[in-house]
Amino acid sequence: MAQRSAHCTLHLILNERIMAPKTSSATLRLKQDYLRLKNDPVPYVIAEPNPSNILEWYYVVSGPDDSPYAGGYYLGRLVFPRDFPFKPPSIYMITPNGRFKTNTRLCLSISDYHPDTWNPAWSVSTILTGLLSFMLENSPTMGSIEMTDYERRQLAAQSLESNVRDENFCELFPELTMTIQTEIEKRNLARANEEQSPSMDSSQPENNILHSVVYNSVVVVGFALFIYLVRYVLYNMNIE
């Protein structure tokens, strides 16, 4: 019995040793990728791991100025397997964007849809760079959608309000949240000014009409006085 118990204990220890490298290697690699991402940021992209689960990351893609996504901020999620970097992550887009379906696993060469094309040397920075590159294309794939550039620009403008309502966005990206809230206030102020402008413009013709009436009245009164003076002078000359 004791021999069997010792055998079971040894088997359990061996299993733990086999499983431990997978989990620890993923954690170690993701920590390294996080430091690399902070020291060498990716253009138009930021990312933060879930504080309670390093295998789950959230990222934000900023729309490049020369794209239909300009001015937009797009929240997404990466879910890494325990044996990362030997297997690729699942990739999701959360913010409506006009390129990808939301909350749907995306079929990309850098995602778990294509483990055959995955390269363990690829980092989180590589994944996010590839995602942005594919977002700017129009190649169809599982999880992509077709929209016009106009519709994508509309969604870019709406993305600000959408993100500040997202709890994960506000918690993980507080500085960007403040920036977006400031931008929203500017937009609301500009919209309010635009709404006031027509009312001011509509009152301007009324003022012009009033000025015209007053001016005409003064001219008429002045002309009447002139006629009266002429008649008065002529009348006095006839009397003399």
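Just above, that's the structure.
Residues numbered from 1 in each chain as written. Predicted model: local features only at pLDDT ≥ 70, side-chain atom pairs only at ≥ 80, totals over all residues. Heavy atoms only, no water.

## Considering helix 3 (residues 149–164)
An α-helical turn contains 3.6 residues, so a residue and the one three or four places further along point in the same direction. Taking 1.5 Å of rise per residue, 16 residues should cover 22 Å, and helix 3 covers 24 Å from first to last C-alpha, within 8% of that figure. Maximum bend of helix 3: about 40 degrees, positioned at Gln158. Those residues of helix 3 not exposed but buried are Arg152, Leu155, Ala156, Ser159, Leu160 and Asn163. (Helix = DSSP H or I, 4+ residues; strand = E, 2+ residues; numbered from the N terminus. Expected span 1.5 Å × (residues − 1). Bend = angle between axes of the 7 residues up to and from the residue. Buried < 20%, exposed > 50% of the residue type's maximum accessible area, 1.4 Å probe, protein only.)

## Considering the pattern of salt bridges
For the structure shown, the criterion picks out 7 salt bridges. We note a salt bridge from Arg29 to Asp33, for which the minimum N-O separation is 3.2 Å. Of the two residues, Arg29 and Asp33 both sit in helix 1 (residues 2–39), 4 residues apart, roughly one turn of that helix. For Arg29, a relative accessible area of 14% puts it in the buried group. (Salt bridge = Lys/Arg side-chain N within 4 Å of Asp/Glu carboxyl O.)

## What to know about helix 2 (residues 124–135)
Over its 12 residues, helix 2 extends 16 Å from the first C-alpha to the last, a length consistent with the 16 Å expected when each residue adds 1.5 Å. Three or more residues of helix 2 are buried, namely Val124, Ser125, Ile127, Leu128, Leu131, Leu132, Phe134 and Met135.

## Here we look at the pairing of strand 3 (residues 73–79)
Moving residue by residue along a regular strand, the side chains alternate between the two faces of the sheet. Burial analysis of strand 3 places 5 of its 7 residues in the buried class, which makes it a mostly covered element. Relative to strand 3, strand 2 (residues 53–62) runs antiparallel, the two being bridged by 7 bridges. Looking at the pairing, Ser62 lines up with Tyr73 of strand 3. Across 4 bridges, strand 3 lies against strand 4 (residues 90–93) in antiparallel orientation. (Pairing = 2+ DSSP bridges.)

## Points about the layout of surface pockets
Within this model, the largest pocket holds a volume of roughly 220 Å³. For the largest pocket, the lining is made up of 14 residues, of which Lys38, Ile46, Ala47, Glu48 and Phe173 are closest to its centre. Mapped by element, the contributors of at least two residues to the lining of the largest pocket are helix 1, strand 1 (45–50) and helix 5 (174–239). A per-element tally of the lining of the largest pocket places strand 1 first, with 4 residues. (1 Å grid on protein atoms, 1.4 Å probe; cavity = no way out; pocket = protein on both sides within 12 Å on 5 of 7 lines; lining within 4 Å. Points joined across faces, edges and corners; volume = space filled by probe spheres on them.)

## Overview of the environment of Asp166
Structurally, Asp166 can be placed in the loop between helix 3 and helix 4 (167–172). Given the relative accessible area of 19%, Asp166 is considered buried. Sequence separation between Asp166 and Ile94 is 72 residues; the distance between their C-alpha atoms is 9.7 Å. With sequence-adjacent residues up to four places away left out, Asp166 is seen in contact with Leu75 and Ile94. Reaching out from Asp166, the side chain makes a polar contact with the backbone nitrogen of Asn168 at a distance of 3.0 Å. Of the polar contacts made by the side chain of Asp166, one reaches the backbone nitrogen of Phe169; its length is 3.0 Å. (Contact = heavy atoms within 4.5 Å. Polar contact = N/O pair within 3.5 Å; in protein donor to acceptor, adjacent residues only side chain to side chain.)

## Some remarks on the packing of aromatic side chains
According to the stated counting rule, one finds 8 aromatic pairs in the structure shown. Centre to centre, the rings of Trp57 and Phe80 are 6.0 Å apart; their planes meet at 70 degrees, and the pair counts as edge-to-face. Linking Trp57 in strand 2 with Phe80 in the loop between strand 3 and strand 4, this pair joins segments that are 23 residues apart in sequence. Exposure class is identical for Trp57 and Phe80. Each is buried. Between the aromatic rings of Phe84 and Trp118, the centroid separation amounts to 6.0 Å while the plane-to-plane angle is 45 degrees, which identifies the pairing as tilted. Of the two residues, Phe84 sits in the loop between strand 3 and strand 4 while Trp118 sits in the loop between strand 4 and helix 2, which places them 34 residues apart along the sequence. Of the two residues, Phe84 and Trp118, neither departs from the other in class, the shared state being buried. Pairwise contacts between aromatic rings join Tyr34, Trp57, Phe80, Phe84, Trp118 and Trp122 into one cluster. Sitting above the plane of the Tyr92 ring, Arg77 keeps its charged end 4.7 Å from the centroid. Here the guanidinium or amino end of Arg105 rests over the ring plane of Tyr113, the centre of that ring lying 4.4 Å away. (Phe/Tyr/Trp six-rings, centres within 6.5 Å; stacked < 30°, edge-to-face > 60°. Lys NZ or Arg CZ within 6 Å of the ring centre and 35° of its normal.)

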